[in-house]
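Structural characterization, general
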Amino acid sequence: MKYTLKTTDANGHPLTAPIDSARREGAAYAPRTIETLRCDDHLRAVLRGEKHLLFDGGMGTMLQAAGMKAGALPELLNFSDPDVITDIQRQYVEAGCDVITSNTFGANAHKLNGAASVEDVFASAVVCARAAGARYVAGDIGPIGALLRPLGTMSFDEAYLLFKEEVEAGVKAGVDLFIIETMTDLAETKAAVLAAKENSDLPIFATMTFEEDGRTFLGTSPEIAAITLDALGADVVGINCSQGPADLRPFAKRMLDVTDKPVLVQANAGLPHVDDEGNTVFDIAAPEYAHAVAEMIEDGVGVVGGCCGTTPDHMRLLKQLIEGHTPQLRHHDPSMYVTSAQSCVTLPVAGHRIAVIGERINPTGKKRLQQALRDGDLDYVVSQGISQQEQGADILDVNVGLPEIDEVKMIQAACEQLQGSTLLPLQIDSTDPTAVEAATRRYAGKPIINSVNGKRQIMDEILPIVAHYGTNVIGLALDEDGIAETAEKRFAIAERIVDECERYGIARDRILIDCLVMTASTNQAQVIEILRAVRMVKERLGVKCALGVSNVSFGLPARPLLGSTFLAAAFGAGLDAPIMNPGSARFMDAVRAYRVINAEDEGSVDYIGRYAEWTDPYRIAADPALALAPGTAAVPTAAADSPANEDPIARLVISGRKGEIAATTKELLKTIPAMQLINDHFIPALDEVGVLFDQGKFFLPQLMASAEAARVGFDTIKAAMPAGEIADKGKICVATVKGDIHDIGKNIVKMLLDNYGYTVFDLGRDVDPQAVLDAVRERDIKLVGLSALMTTTVTSMEETIRLLHAEVPGVKIIVGGAVLTPEYAKQIGADYYAKDAAESARIAEEVFGG
Amino acid sequence: MDLPASFATPALYRPNISARPRVDRAEMLRYLGYGGQEIDLDLERRIVRCVEELELSIEPKGVRRTFCVDASGTDDDGMPCIQLVGSEIVLTGRDIYRHLKDAAFCTVLACTLGMDCERKLRTLASQQALDAALFDAACSSYIEASVEQMDRDVRTQAANVGLSANWRFSPGYGDCPLSAQPSILAALNASRLLGLTATTTNLLMPTKSVTAFIGLFDGPVHDANTRPTCNICRLRPSCAFRARGKTCYGEKTR
C-alpha cells in the first residue's frame, strides 16, 4: 500500500508540517524503501548496488554544436524541433545507454517564465525520449536559477512548489525515474528530493556539482552532499559537470566513503576550445575519458554517464566497461553524521569522538534572549550562534520556545538566519512536533532532533519526522513513569526507544540516548547511576550518548568545578555529545584535555596551540604577587586623562572609542541618574556627531564608530538599571522594500536610531508590503523607515506607502535610498525624506516630540 | 566580419592569488563619503584589516564571451535595438544602441565575488554595522578592480587582432534595462560557471557582481574617450557625490 502525503492545502499553499498534519489526520507513516518504489527488477538491482547502469552524455553541448543559440531555452526544441532531440537521444541509445535523460533540465516555471507550461514541456520531452527507444527515461530536474534564502530571496517552499510541479508533470508524462542534477545549493537540492519523494514513487537520482576546490558554489562538500541526500531518501547520489572524470575521481571516492547508496558520476569531457575548422570541441577524447571512468568503477562507482562535451562515442566506451561487469562490493564504516550545508560532524560507530552541542540558544532563564525573541530580533539569536561557534561548539542546539511567541514561525526564522551566518550543524529542539517538522523540513543538512523519549505519544509524534527527513534523534531515558532511578531501568527505556526507531527504519547510527543528569545536591546516589547507564547504553545498544551536563552541580558552590569533573567522568563512561555552554572555559578545558587523552586531537596539536602559553589559574591564586600584576587590573576612570571640564562621554562618543566607554559609564552611574546620563551626556554627544557629519567634518565610518561607542554606553546603562526604568523613546520599524536586496543603508539607519534610544524592529530586505503592515499593527509602530535603491523597486516602496496610509493612517513614513529626491519622495506619498542616516534621527526626534 | 578565432571560445577569469586585483583604497573611501577627514588609528586599523581579509580570502571569478553585433533590428516598440548574434541577448534603449551600433563585436562579461563574500556581507550586516559598511565599500572597489582586469584582457586581446574597444557599459546605465540580466547570464552560462543568478527583480545575486558590454571596432573607436559621465546616470538628481562636487568615479563633476 502506497503512502501518499498531502503537502499542499486546498489553495495550493505548502503545508508547514505535512508529516505532522498526516499523523493528526490518522495516517500511519510508512517508510519509503527500495521495495516500495515503482520500478522493474533490473532498476531495483541497480539501486541495491548489484548492477551497473549507463546514463547518456551531453545534450546542451550537442544542441549548441547543432547551432542552438547561447542562452536559448533548449526545452522549447521539444516542440519546435523534436526530431533534433530524438536524433541525439537515439545516438545515445545506439551507443548502449540504458537511461535517456528527458530534455527538461530548465523546465521549471521560473526559468520557462511563461514560454511554455511545465506539463507540456515534460510531455513533449518524454515523447522525444521514448521515440529514441530509451530503455528508461529519466525526468531531468535542474536548478531553478534563483538563489534561496537566507542569502537569496526565494523561500524553500517556493522552490518546493516549483519542483513539485515538475515532478507531477514527469509522473504524468511517464518517466521511469528522476535525475536531480547540477545542483550547487543543498537547500534547493533538498527541496527537489523531497518534491520527488513526496509526489511520486519513482527512484530518485541526485547529483551536485563541485568546483576544483571540492566545494559547490555554496560551500557543500561531496561528503556533505552524499550524507545529506542519502538521508533524505535519494536512491542514488553523485556528482556531475564542472570537470573531467580524472578530476572528479577523488570527489567520488569521498562520497563512496560515507554512503552505502550507489554513486553516480557524470563528468565533463574537460574544457571547450575551438578547433581549426571553427568547431567547439572538448579536450578529453573518448578513450581517455573511458580510462578515467574505469578507475572510478574500480573504486566502486556503480552508475556512470556523461555531462558537457561528452558524446555517443564516449558512452559507447563506457558501455564496454560495464558490460558483464558487476559493481564492486562496498562497505563503509558506519558513523553518525550531523551536517549543515558547509560542515559535517562525524562520530564513528566503532570509535569514540566528542562533539560539543552548544546550549546557549534556549530562552530558559535567559532574559536578554527572551526579549530578543519577543522583539523578533534574530540578529541577537545569530550572535549567540556565532559566539558559540567561536568558542568551540560543534553543533548548535536551537530552542526558541516561549509561551507568548509563535514558536513554529520563530524556529524556522531562527534556523534560516543561523544558516546564513554560522557554519555549524543545528540541533532542532522543541516539544512541539509541528515546530520540529517545520524547521527540519526546511533545514539544509542532516540535523539532530531534540528530542523523543520513551512515552508512546511522543514517539508516535516525532519518529515519523525523524524517519521522513532522515535526521538523527536524541532519545531521553524517561517515560510515562518519569525518570527511572536505576541504570537498568534507564537502559530499558533506551532500549525501547531504539526498538521503536528500528520499526521506522531509523538505524542505530542516527540515535543519541540522553540518560538524563540529576542534581548531586538532591540525588547524589543517582549521579553514579547515570554514568553506569551511559556505559550500558553505549556497550549494549551501540548508540551514541548525549547529556546536558550542567544540571549536576545545581545548588552546590563552585559549579563549574563540579560540572567539569562530572563531564570528564562522563567522557570516561563513553559520553559522545555533551550539551553545554561552550562559553564556559572550564568545560571547554575539560573537552580539549579529553580529546588529547582520547587520541582524537592527533599529536595534541590543538591542545598545544591553545595551552602552550596558558597560565595556570591555581598558580595565580596561590601566588598573590602574580594575582595582581601592575597595571593589568587598573580600570580606566573617566577623569584619568581628560581635562576636568570636558564631558568624558562626549569625548568617547565623538572619538568613537567603544573600548573605554563601558567603564566610564559605570563610573558616572555612581553619581548621575541613568536618564540624566542619557539625556544630558549621550544624546548631546550624538547630536554633535550629527552636526559634524552634516558639516562634512565626519564621514560615514566616523559617524558609525560614534554610534557604536554610544551603543556600548547604553547597554551598560540598561544592564545596570531594573527593567522599565529607562523610558522608551518610541518604536520604529525599518525595511528594504519588496524586490530590493540592498540593505546597507537601511542597516546604518537602524544602527543610528537604535543608539538614539528608539526601539527599532528590522524587518530585513525584500519585505512584502503586507509584512510591513503586519509588523506596524502587531507592534503598534508609529514611524516606519523604508529604503529602496533602484528605480525599479521604488514602485514597491510606493505600494507599501499606499497600503500603510490606507490601513493605518496615523503612521508616518520616512523614505531614503539612492534614487530618491525630496520631490520624488513627496510624489510617492512619503511623509519624510531622509538624505542620510543622521537626517533620519532628526526626523524621529521630530515625530516623537524630541 | 566573422568573429576572430581567438574570440570564439568563452574565456574564464580566475586570477590566482598573485594575480588578483587590489582594492583601490581611495575609491573605497570615496564610496564611504570620504572627503579628506582625519582618520584615527582605530578606524585605520579596521579599514586595513577589512581590505586585507577581503583580498586574501575572496577570489573573484568571471567569464566573458564575444558575439557579432547586429544593429539592424527593432524591438517590440519599433525602436532600433542591438542583437548579439548567436545568443538570445537583445538590448533596448538609446544609450546602449549608441554604444554598440557601430561595433563589429561585443564582448559580454560577468564577474562576481561569489557566495563566500555574500555570506560574509550578510553576517557583518547583522552583527557589526560599521565593519559591514567598510566591507561593503571594499567589495565594491574590489569587484570594480576585477572587472577592470577583465576589461584590460579584452583590450589586449582585441589589439592583437587589430580591433579597438570602447568603454564598458552595464545594464542599468542610462536607459538600458536591468531586464537584460537573465539573458546575459544564460548566454554566458554564468549560473553554472560562476554561481551567478538574478532575482525576479533582475538584481544580481551574489550582490557583488557585475555584467557589462564592451564594443569592439574594426579600426579606431570614434568615441574611445567618451567615458561614462553623470549625463546618463539615473542617480544624477539625487547623487550624494555630486552634492559634494564630486563623482563616484573620482573625477570632478561635468
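How each quantity is defined
- Residues numbered from 1 in each chain as written.
- Chains lettered and ligands numbered in written order.
- Predicted model: local features only at pLDDT ≥ 70, side-chain atom pairs only at ≥ 80, totals over all residues.
- Helix = DSSP H or I, 4+ residues; strand = E, 2+ residues; numbered from the N terminus.
- Rg over C-alpha atoms; globule rule 2.2 N^0.38 Å.
- Contact = placed C-beta atoms within 7 Å.
- Buried ≥ 20, exposed ≤ 12 C-beta atoms within 10 Å, placed from the backbone.
- Axes fitted to C-alpha atoms, helices over the stretch in contact; angles between N-to-C directions.
- Parallel < 35°, antiparallel > 145°, perpendicular 65-115°, else oblique.
- Left-handed = near helix turned anticlockwise from the far one by under 90°.
- Nonpolar A, V, L, I, M, F, W, Y, C, P; charged D, E, K, R; others polar.
- Pairing = 2+ DSSP bridges.
- Domains from an automatic or database assignment.
- Core = buried A, V, L, I, M, F, W, Y, C linked by C-beta atoms within 7 Å.
- Expected span 1.5 Å × (residues − 1).
- pLDDT = per-residue confidence, 0-100.
- Right-handed = clockwise from strand over helix to strand, strands pointing away.

**Some words on the overall build of chain A**
Assigned secondary structure in chain A consists of 34 helices and 27 strands. Taking 2.2 N^0.38 as the reference for a compact globule, 850 residues should give roughly 29 Å; the C-alpha atoms of chain A span a radius of gyration of 30 Å, in line with that estimate. Referenced to the eigenvectors of the C-alpha coordinate spread, the extents of chain A come out at roughly 90 × 75 × 55 Å. Put simply, of all contacts in chain A between residues at least 6 apart along the chain, 75% involve residues at least 24 apart.

**Here's the deal with the environment of Y173(B)**
Residue and element names in this part refer to chain B. With respect to the helices and strands, the residue Y173 is situated in the loop between β6 (163-169) and α6 (181-188). Taking the number of C-beta atoms within 10 Å as the measure of exposure, Y173 has 18 and is therefore partly exposed. Remark: the alpha-carbon pair of Y173 and L194, spanning 21 residues in sequence, is separated by 23 Å.

**What about the packing of helix α29 (residues 700-720) of chain A against helix α5 (residues 129-160) of chain B?**
At a minimum axis distance of 9 Å, the contact between α29(A) and α5(B) shows a crossing angle of 160°. By the angle class used here, α29(A) and α5(B) are roughly antiparallel. The interaxial crossing formed by α29(A) with α5(B) has left-handed handedness. Touching L700(A), P701(A), M704(A), A705(A) and E708(A) of α29(A) are A129(B), L130(B), A133(B) and L134(B), all from α5(B). Residues belonging to the contact of α29(A) with α5(B) are distributed by class as follows: 8 nonpolar, no polar and 1 charged.

**Points about the sheet that holds strand β27 (residues 832-833) of chain A**
Residues and elements named next belong to chain A. Strand order in the open sheet made by the 5 strands is β24-β23-β25-β26-β27, with parallel pairing throughout. Strands with a single pairing partner mark the edges of an open sheet, and in this sheet they are β24 (759-762) and β27. Where strand β23 (residues 731-736) and strand β25 (residues 783-787) come together, 5 bridges link them in parallel fashion. In the sheet register, A735 faces β25, and the bridge partner there is L786. Packed onto the sheet, helix α31 (residues 769-779) meets β23, β24 and β25 and runs at close to 170° relative to β23. Contacting β23, β25, β26 (812-816) and β27, helix α34 (residues 837-847) crosses the sheet at an angle of about 170° to β26.

**Some words on the domain arrangement of chain B**
Residues and elements named next belong to chain B. Domain parsing of chain B yields domain 1 (8-223) and domain 2 (228-254). With centres defined by C-alpha atoms, the gap from domain 1 to domain 2 works out at 19 Å. The interface is formed by 8 residues belonging to domain 1 together with 6 residues belonging to domain 2. Taken together, the residues of the side of domain 1 that touches domain 2 break down into 2 nonpolar, 3 polar and 3 charged.

**Points about the nonpolar core**
Counting 343 residues, the largest nonpolar core has F178(A), C106(B), A133(B) and A138(B) as its most contacted members. Take this core: its biggest share by element is 15 residues, from α5(B). Sequence-distant contacts of C106(B), defined by excluding residues within four places in its chain, comprise T66(B), F67(B), V69(B), L84(B), L100(B), F213(B), I214(B), G215(B) and L216(B).

**Remarks on the packing of α29(A) against helix α30 (residues 744-755) of chain A**
All names here are of chain A. Here α29 crosses α30 at 40°, and the two axes come no closer than 9 Å. Compared by their axis directions, α29 and α30 come out oblique. The two elements α29 and α30 cross, and the hand of that crossing is left-handed. Contacts from M704, A707, A710, R711 and F714 of α29 reach α30 at I748, M751, L752 and N755.

**Here we look at the interface of chain A and chain B**
Contact residues are listed per partner, giving 54 residues for chain A and 47 residues for chain B. Looking at the side of chain A that touches chain B, the elements with two or more residues in it are β8 (272-274), α15 (378-391), α16 (407-421), α29, α30 and α32 (791-807) of chain A. Counting residues per element, the side of chain A that touches chain B draws most heavily on α29(A), at 6 residues. For the side of chain A that touches chain B, the class distribution of residues is 27 nonpolar, 22 polar and 5 charged.

**Brief notes about the domain arrangement of chain A**
The extent of an interface is frequently quoted as the accessible surface area lost upon association of the parts. Partitioning chain A into structural domains gives domain 1 (46-322), domain 2 (335-607), domain 3 (616-724) and domain 4 (731-847). Averaged C-alpha coordinates put domain 1 of chain A and domain 3 of chain A at centres separated by 59 Å.

**Observations regarding the pairing of strand β9 (residues 209-218) of chain B**
Residues and elements named next belong to chain B. Most of β9 sits out of view: 9 of its 10 residues are buried. When strand β5 (residues 105-112) meets β9, the two strands line up antiparallel, connected through 8 bridges. If you follow T112 over to β9, its bridge partner there is S209. Sheet topology places β6 next to β9; 5 bridges connect them, and they run antiparallel. Residue pairing in the sheet places F169 in a bridge with F213 of β9.

**Remarks on α32(A)**
Compared with an ideal rise of 1.5 Å per residue, which puts 17 residues at 24 Å, α32(A) spans 25 Å between its outermost C-alpha atoms and is within 8% of the ideal. Those residues of α32(A) that are buried are in contact with α31, β25 and β26 of chain A.

**Describing the confidence of the model for chain B**
Where the model shows low pLDDT, its predicted coordinates should not be examined in detail. All names here are of chain B. Of the residues in chain B, 95% reach a pLDDT of 70 or more, and the chain-wide mean stands at 89. Mean pLDDT per element in chain B: helix α8 (residues 240-243) is the minimum at 76, and β5 is the maximum at 97. If you check the scores for this complex, the pTM reads 0.92 and the ipTM reads 0.90.

**What about the pairing of strand β15 (residues 426-429) of chain A?**
Residues and elements named next belong to chain A. Going residue by residue along β15, you find L426 and I428 tucked away on one face and Q427 and D429 tucked away on the opposite face as well. Bridge analysis of strand β14 (residues 395-398) against β15 gives 3 bridges, and the strand direction is parallel. If you follow L396 over to β15, its bridge partner there is L426. Handedness of the crossover joining β14 and β15 through α16 is recorded here as right-handed. The pairing of β15 with strand β16 (residues 448-453) spans 3 bridges and is classified as parallel. Following the sheet pairing, I428 is matched in β16 by I449. At this point the chain moves from β15, through helix α17 (residues 433-441), to the parallel β16, and the crossover so formed is right-handed.

**Things to note about α5(B)**
An ideal rise of 1.5 Å per residue puts 46 Å on 32 residues; α5(B) measures up with 47 Å between its terminal C-alpha atoms. After α5(B) finishes, the residue G162(B) shows a positive phi value of roughly 75°.

**A word on the sheet that holds strand β10 (residues 303-306) of chain A**
Residues and elements named next belong to chain A. Spatial ordering of the open sheet is given by β1-β10-β7-β6-β5-β4-β3-β2, a layout of 8 strands whose pairing is parallel. Strands with a single pairing partner mark the edges of an open sheet, and in this sheet they are β1 (53-54) and β2 (99-101). Both strand β5 (residues 204-208) and strand β6 (residues 236-240) contribute to a ladder of 4 bridges, which runs parallel. Each residue of the ladder has a partner; that of A206, found in β6, is V237.

**Let's talk about unusual backbone geometry**
Put simply, R149(A) and P150(A) share a cis peptide bond, and its omega is 5°. If you trace the backbone, P150(A) turns up in the loop between β3 (136-141) and α8 (156-173). With omega at 15°, the peptide bond leading from N450(A) into S451(A) counts as cis. In this structure, S451(A) sits in strand β16. Of note, the phi angle at A558(A) is positive, near 50°, even though the residue is not glycine. Examined against the element boundaries, A558(A) turns out to sit in the loop between β21 (544-548) and α21 (559-573). Phi is positive for N189(B), close to 55°, though the residue is something other than glycine.

**Here we look at the environment of A525(A)**
Along the chain, A525(A) falls in helix α20 (residues 524-541). The sequence separation of A525(A) and T486(A) amounts to 39 residues, and the corresponding C-alpha distance is 9.7 Å.

**A few points about the confidence of the model for chain A**
Of all residues in chain A, 96% have pLDDT values of 70 or greater, and the mean over the chain is 92. Counted against residues more than four places away or in other chains, residues 626-645 of chain A, with its pLDDT under 50, gives 15 contacts.

**Brief notes about the environment of A138(B)**
Residue and element names in this part refer to chain B. With respect to the element layout, A138 can be found in helix α5. Owing to 27 C-beta atoms within 10 Å, A138 belongs among the buried residues under this scheme. When the C-alpha atoms of A138 and E27 are compared, they prove to be 8.4 Å apart, with 111 residues separating the residues in sequence. Aside from chain neighbours lying at most four places away, what touches A138 is V23, M28, C50, V51 and L54.

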